[in-house]
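A closer look at the structure
Each chain, written out:
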Amino acid sequence: MNTGDLKSKVDRVWDAFWSGGISNPLEVMEQITYLLFIRWLDEIQILKDNQAQRTGNPDPAPLFSEGQQDLRWHNFKAKQPEVMYTLVSEGVFPYLRRMGGDESTFSHHVKDARFTIPTANLLAKVVDLLDDITIEKSDPRSDIYEYLLAKVATAGQNGQFRTPRHIIDLMVEMTEPRPSDEVCDPACGTAGFLAQTAAYVKREHGDVLLETKQRKHFNENMFHGFDFDSTMLRIGSMNMLLHGVKKPDIRRQDSLAENLAGEAGKYSLILSNPPFAGSLDYEFTAADLVQVVKTKKTELLFLALFLRLLKIGGRAAVIVPDGVLFGSTKAHKELRRMLVEDHKLDAVVKLPSGVFKPYAGVSTAILFFTRTDTGGTDHVWFYQVLADGLSLDDKRTPLLPEGRLGARPSGGPLSDDEHAHNNLPDVLNRWFNRNNTERNRTRAEQSFCVPKADIAAQGYDLSLSRYAERPRYLMTGRRVTLANLVDAGLLAESTRLTFECAGVSHTATVTAAGQLELADGQRLWSPSQAAAAAAGEGSFDGWQTWILEDGTALDRLRQRFLETPTTGITSPSIADVTLAAQRHEELKHAREQAANGTPVTLTVTELLEWWGVQRRSSITSDKIVAELANHSLVTSPNFDSVPAFTTVQLISAVQHTEATEKSHHTLSVDESPTADTDEDAPVAGPTVGMLPSALGGVTSVSPHATFDEAITQMMLNDYSQLPVLSGRTLHGAVTWKSIARARHANQKAPFSRAIIPARDVLYNQDLIDILPALTESEFVLVRDQTNAIAGIVTASDVASAYGAMATPFLLIGEFDRRLRRILSSSIELREIQALCDPEGDRSIKEFDDLSIGDYQRTLENKDAWEKLGWPLERKVFIARLDQIRGIRNDLMHFNPDPLPDDAVQKIRHMIAVLREYDQEES
């Protein structure tokens with residue numbers, strides 16, 4: 001049976017349960033587990049019966065007695081549904097609960113087996129579907145079970161019990177389990193690590209397992225897993241059984257709460273993905289662990305446990321949250337110091353943050369270490385996994401054919417394009433070379449080695465970004481400043497710069513802070529402002545005009561800065577890296593084209609695609625403006641002042657005003673803009689160009705046209721006004737009213753009598769400023785960046801634009817009032833001040849001073865949230881609150897892109913929730 005057939009048949013089994021009324025995935029898994037087990041027992045008995053027939057010797061220990069033959073799979077599956085249902089519920093399950101004496105570990109975990117299939121018809125359907133799955137060597141039961149486990153991980157929080165199979169495989173391949181190992185997972189869940197270790201040993205050391213002693217070790221002493229959930233123990237035990245391990249040590253045990261002194265120093269290999277972000281009180285934590293590291297954090301306690309369970313020379317590969325790598329508490333630092341100084345830390349493999357989606361977006365890494373008790377760390381090998389073969393969104397869609405996924409793909413090495421989607425084979429290959437060629441790699445590469453001394457010098461920080469060197473352009477959305485060039489050593493203090501203007505040479509020197517000091521003593525952060533101040537008038541692109549003594553322009557240094565690798569810059573995904581690199585090349589090309597007088601032309605929508613977005617927001621627009629400025633580019637017309645379908649050109653930034661450069665307040669490449677940058681966005685009036693008709697083109701007539709020509713154009717296009725142009729010269733316009741008046745006065749009047757004055761405005765003029773003209777004449781003509789008439793705006797256009805914003809604007813107001821009222825009745829203002837304005841910089845004096853961002857910060861605090869007494873999930877509520885904040889800022893900025901279709905509904909639903917808990921409302 002091929003993989004597709006297998007999955008299809010398992011899907012049908014799963015769907016049968018769900019349509020039959022069992023929707024809890026763990027319950028579905030549990031019932032399938034029992035049925036697979038009883039089928040497996042019947043197949044064993046069939047083999048025993050065949051052997052007895054061949055040899056003539058009766059089976060000395062049959063699994064089923066003479067009176068239990070109806071309980072065998074091949075017998076009860078042929079019964080009528082009602083009879084089968086009675087046999088299974090009243091015979092098979094009691095039989096399972098009594099079989100604790102069987103040699104398999106699984107049998108010890110079925111003593112409380114419950115039969116929960118509600119109807120005879122559902123049982124009959126499931127048995128038929130399971131019986132239709134052929135079990136052959138090419139389709140082992142483990143494949144069925146692996147796929148079932150994957151399906152368990154697709155609902156609710158059950159994903160926490162399953163580490164992705166390809167990540168488990170990678171860790172197993174890297175640790176190379178040996179037949180002599182004793183392997184432990186102290187938080188085993190469904191025993192995925194143990195099962196894959198068993199599969200690896202059978203594949204790589206099958207010949208050794210032919211030896212009786214070694215086979216006994218494999219079946220009884222090699223695998224150890226602890227968990228305190230009885231369902232997980234049953235599923236995990238069955239998983240091991242189907243992977244050919246008859247008697248693994250899978251037992252009920254709370255690894256952190258119970259003293260494991262008897263297990264100390266017992267295991268040669270630990271593979272685990274322990275629970276994250278938990279907290280245990282000291283009185284509930286094993287005393288021997290607290291002695292190693294005094295902490296309540298479960299991820300740190302598990303690390304201490306791993307070191308205690310390993311024997312000297314034992315190795316571990318364990319998944320940890322990123323906080324373990326750089327946490328600043330005493331416990332964090334001491335554990336990292338122990339790993340580096342007292343033992344042998346081998347590697348840190350940084351995983352993409354989407355690996356555990358959709359269940360969690362937490363950033364994680366795999367730590368590889370060996371217990372030595374005498375040190376031994378020489379170099380630590382780092383690898384940043386940017387792609388694991390699946391999309392890093394909630395869907396986790398495979399990005400390559402099935403055979404090209406995982407750490408050991410079939411069909412030979414991956415191509416460069418395939419590697420961009422799946423880094424795991426490269427991780428494995430470089431891991432085995434970590435003590436050879438990997439030592440020669442630079443820190444600008446995907447993997448590199450760091451000497452122990454460097455790690456110790458950084459306070460044992462193990463975050464990859466602390467040591468990796470990445471091109472600065474990966475830090476998108478930051479404007480390069482002179483201070484950045486000084487800090488990077490590309491520009492020295494006291495460097496003399498010159499600027500030529502109208503035959504006059506001006507000079508400036510660079511200060512230690514990264515300012516330009518002019519001859520008159522003025523100090524300015526912006527090169528463009530410094531050029532304007534030196535010349536006394538005009539506006540300039542100072543990055544292009546200020547020249548070093550060797551003839552190098554500041555812009556050349558800026559480009560060198562962007563492409564120079566540095567530490568502290570990370571990129572969370574291959575998509576980010578690829579997009580940033582492509583955009584950087586596009587912008588370099590655009591700069592060259594602009595310099596050659598052939599600027600790149602594209603629509604606003606196409607420009608947004610360079611940044612991987614579909615809509616504009618104030619944060620996105622700021623990023624785009626900053627990156628364009630780093631390449632001395634601006635858009636013409638301003639991309640943020642026109643509809644998305646408008647075509648813009650990327651031209652050289654010959655004008656840098658204080659508004660676009662923002663002096664020293666501009667974000668540097670070392671700063672990270674956050675959502676807070678936009679949270680208190682002031683109301684920003686729209687410009688004329690934001691209206692779709694403003695730059696949508698015009699149909700015009702010449703001053704020498706006829707009435708018939710004008711009337712025909714107006715009728716065919718349903719126009720009420722028509723500009724009168726000759727070339728770029730505006731002579732006025734004709735309207736139905738002006739035509740009627742001219743004809744009424746004189747039927748033989750010339751066309752010129754119908755031409756009336758027409759007001760023209762620039763596309764980037766504030767819309768509010770033209771309202772008086774619209775009131776008077778009902779329309780204005782719009783000039784684009786080239787000063788050509790490019791569109792027309794009518795009073796109805798403006799009314800429509802403001803009307804579209806009216807409903808969400810009013811709803812946001814109601815939402816804001818209700819949430820502020822609820823907070824003021826539940827939480828003291830001083831508590832909110834401490835959370836939102838701890839330094840007192842913003843002068844929050846009353847609840848009316850709070851922004852939606854402040855509400856968000858307040859409710860992110862668990863204690864503040866609990867004071868509301870709401871039976872709601874805090875994280876889900878805050879996520880929706882963040883969406884409302886984004887909608888509010890779109891409205892306040894008069895974003896030219898339409899709001900998402902569901903924006904108004906989201907606000908309405910949020911208000912409905914608030915009404916439920918608004919005491920004043922009730």
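Residues numbered from 1 in each chain as written. Predicted model: local features only at pLDDT ≥ 70, side-chain atom pairs only at ≥ 80, totals over all residues. Heavy atoms only, no water.

**Brief notes about the overall build of the protein**
- Assigned secondary structure in the protein consists of 36 helices and 24 strands.
- Counting across all 922 residues of the protein, residues that qualify as buried make up 51%.
- Considering only contacts within the protein whose residues lie at least 6 apart along the sequence, 68% involve residues at least 24 apart.
- Accessible surface computed for the protein: about 41900 Å², of which carbon and sulfur atoms make up 49%. (Helix = DSSP H or I, 4+ residues; strand = E, 2+ residues; numbered from the N terminus. Buried < 20%, exposed > 50% of the residue type's maximum accessible area, 1.4 Å probe, protein only. Contact = heavy atoms within 4.5 Å. Areas by Shrake-Rupley, 256 points an atom, 1.4 Å probe, with all protein chains shown as cover.)

**Topic: the sheet that holds strand β11 (residues 496-501)**
- Strands sit in the order β14-β13-β12-β11-β15 across an open sheet of five strands; the sheet is antiparallel. A single partner strand is all that each edge strand has here, and the edge strands are β14 (523-524) and β15 (547-548).
- Relative to strand β12 (residues 504-510), β11 runs antiparallel, the two sharing six bridges. Residue pairing across strands places C501 opposite V504, the latter belonging to β12.
- Strands in contact with helix α20 (residues 527-535) are β11, β12, β13 (516-518) and β14; relative to β13, the strand with the most contacts, it is inclined by about 5 degrees. (Pairing = 2+ DSSP bridges. Axes fitted to C-alpha atoms, helices over the stretch in contact; angles between N-to-C directions.)

**As for the confidence of the model for the protein**
- For the protein, per-residue confidence averages 84 on the pLDDT scale, and residues scoring 70 or more make up 86% of the total.
- Within the model, the stretch residues 155-161 combines pLDDT values under 50 with 13 contacts to residues more than four positions away or in other chains.
- Low pLDDT (under 50) marks residues 655-683, which in the prediction has 69 contacts with non-local residues, meaning those over four places away or in another chain. (pLDDT = per-residue confidence, 0-100.)

**A short note on the sheet that holds strand β24 (residues 789-794)**
- Read from one edge of the open sheet, three strands run β22-β23-β24, paired in mixed fashion. Edge positions in the sheet fall to β22 (760-762) and β24, since each has one partner strand and no second. Going across the sheet, the axis of each strand differs from the next one's by a mean of 35 degrees, ignoring polarity.
- Examined bridge by bridge, strand β23 (residues 779-783) and β24 share five bridges and lie antiparallel to one another. Within the sheet, the bridge partner assigned to V782 lies in β24 and is G791.

**Some thoughts on the side chain of T197**
- Here T197 shows up in helix α9 (residues 192-204).
- Setting aside residues up to four positions removed in sequence, T197 forms contacts with V172, P177, V183, F223 and L271.

**A closer look at α9**
- The end-to-end C-alpha distance of α9, which contains 13 residues, comes to 18 Å, matching closely the 18 Å that a straight helix rising 1.5 Å per residue would cover.
- The set of residues buried in α9 consists of G192, F193, L194, A195, Q196, T197, A198, Y200 and V201. (Expected span 1.5 Å × (residues − 1).)

**Describing the packing of helix α8 (residues 165-175) against helix α17 (residues 424-431)**
- Taken N-terminus to C-terminus, the directions of α8 and α17 make an angle of 15 degrees; their axes are 10 Å apart at the nearest point. Judged by the angle between their axes, α8 and α17 are roughly parallel. Regarding α8 and α17, the two cross each other, and that crossing is right-handed. Contacts between α8 and α17 pair H166, L170, E173 and M174 from the former with L424, V427, L428 and W431 from the latter.
- Its residues assigned to classes, the contact of α8 with α17 comprises six nonpolar, one polar and one charged. (Parallel < 35°, antiparallel > 145°, perpendicular 65-115°, else oblique. Left-handed = near helix turned anticlockwise from the far one by under 90°. Nonpolar A, V, L, I, M, F, W, Y, C, P; charged D, E, K, R; others polar.)

**Focus on the packing of helix α28 (residues 707-717) against helix α29 (residues 736-745)**
- At their nearest, the axes of α28 and α29 sit 11 Å apart, and the two run at 150 degrees to each other. Regarding the angle of α28 to α29, the classification is roughly antiparallel. At the point where α28 passes α29, the crossing takes the left-handed sense. Every residue of α29 that contacts α28 at F707, D708, I711, M714 and M715 is listed here: W736, I739, A742 and R743.
- When grouped by side-chain class, the residues that make up the contact of α28 with α29 number seven nonpolar, no polar and two charged.

**A few points about the nonpolar core**
- The biggest cluster of nonpolar side chains holds 45 residues, and the ones touching the most others in it are I38, L41, F76, Y95, L96, L123 and L130.
- Elements supplying a minimum of two residues to this core: α1 (3-19), α2 (25-55), α3 (73-76), α4 (81-98), α6 (120-131) and α11 (230-242).
- Considering each element in turn, this core owes the most residues, nine residues, to α2.
- Not counting residues within four places of it along the chain, the set of residues in contact with L96 comprises Y34, F37, I38, L41 and V110. (Core = buried A, V, L, I, M, F, W, Y, C linked by side-chain atoms within 4.5 Å.)

**Quick notes on unusual backbone geometry**
- Going from S636 to P637, the amide bond is cis rather than trans, its omega being 0 degrees.
- Among the secondary structure elements, P637 is positioned in the loop between β18 (633-636) and β19 (647-652).
- Despite not being glycine, A502 has its phi angle at roughly 55 degrees, a positive value.
- Turning to its location among the elements, A502 is positioned in the loop between β11 and β12.

**Details of the pattern of salt bridges**
- Evaluation of the coordinates by the stated rule reveals 45 salt bridges.
- Between R337 and D342 there is a salt bridge, and its shortest N-O distance comes to 3.1 Å.
- Salt-bridge contacts for R885 lead to D882; the nearest nitrogen and oxygen are separated by 2.9 Å. Of this pair, R885 and D882 both sit in helix α35 (residues 874-892), three residues apart, which is roughly one turn of the helix.
- The class of D882 is partly exposed, set by a relative accessible area of 29%.
- Bridged by salt links that share partners, the residues E173, R203, E204 and R408 form one connected network. (Salt bridge = Lys/Arg side-chain N within 4 Å of Asp/Glu carboxyl O.)

**Focus on the pairing of strand β20 (residues 721-726)**
- Of all six residues that make up β20, five are buried, and the element is covered over most of its length.
- Pairing analysis gives six bridges linking β20 to strand β21 (residues 729-735), with the strands arranged antiparallel. By the bridge assignment, L722 is partnered in β21 with V734.
- Here β20 hands over to β21 after two residues, with G727 in that stretch at a positive phi of 65 degrees.

**Thoughts on the environment of F218**
- The residue F218 is located in helix α10 (residues 212-221) in this model.
- In this structure the C-alpha to C-alpha distance between F218 and V201, which are 17 residues apart in sequence, comes to 9.0 Å.
- What F218 contacts, discounting residues up to four positions off in sequence, is A198, V201, K202, L209, F223, G244 and V245.

**Things to note about the packing of aromatic side chains**
- Summed over all chains, the structure comprises 21 aromatic pairs.
- Taking the centre distance of 5.4 Å and the plane angle of 90 degrees together, the rings of F218 and F223 count as edge-to-face. Residues F218 and F223 agree in their burial class; the two are buried.
- Judged by centre distance (5.7 Å) and plane angle (20 degrees), the ring pair of F382 and F448 falls under stacked. A residue pair is termed long-range when its members are at least 10 positions apart, and F382 in strand β8 (residues 379-384) and F448 in strand β9 (residues 447-451) qualify at 66 residues.
- The lysine or arginine in question, R434, covers the ring of W431, its NZ or CZ lying 3.6 Å from the ring centre.
- For R743, the ring lying beneath its charged end belongs to F707, and the centroid distance is 4.4 Å. (Phe/Tyr/Trp six-rings, centres within 6.5 Å; stacked < 30°, edge-to-face > 60°. Lys NZ or Arg CZ within 6 Å of the ring centre and 35° of its normal.)

**Some points on the environment of V577**
- As for its position among the elements, V577 is in helix α23 (residues 574-595).
- Residue V577 is classed as partly exposed on the basis of its relative accessible area of 22%.
- On a C-alpha basis, the gap between V577 and Y473 in space is 9.6 Å, while along the polypeptide they are 104 residues apart.

**Concerning the state of the cysteines**
- By the definition in use, this model includes zero disulfides.
- We note that C188 lacks a disulfide partner, and the nearest cysteine sulfur, in C184, lies 8.5 Å from it.
- You can call C188 buried: its relative accessible area is 5%. (Disulfide = S-S within 2.5 Å.)

**Regarding the side chain of D227**
- If you trace the backbone, D227 turns up in strand β2 (residues 223-227).
- As a buried residue without a salt bridge, D227 has its nearest oppositely charged side chain in R252, at a separation of 7.5 Å.
- A polar contact is formed between the side chain of D227 and the backbone nitrogen of G189, at a distance of 2.9 Å.
- Non-local contacts of D227, meaning those with residues more than four positions away in its chain, are made with A187, C188, G189, M232, L233, R251, R252 and Q253. (Lys, Arg positive; Asp, Glu negative; His and termini not counted. Polar contact = N/O pair within 3.5 Å; in protein donor to acceptor, adjacent residues only side chain to side chain.)

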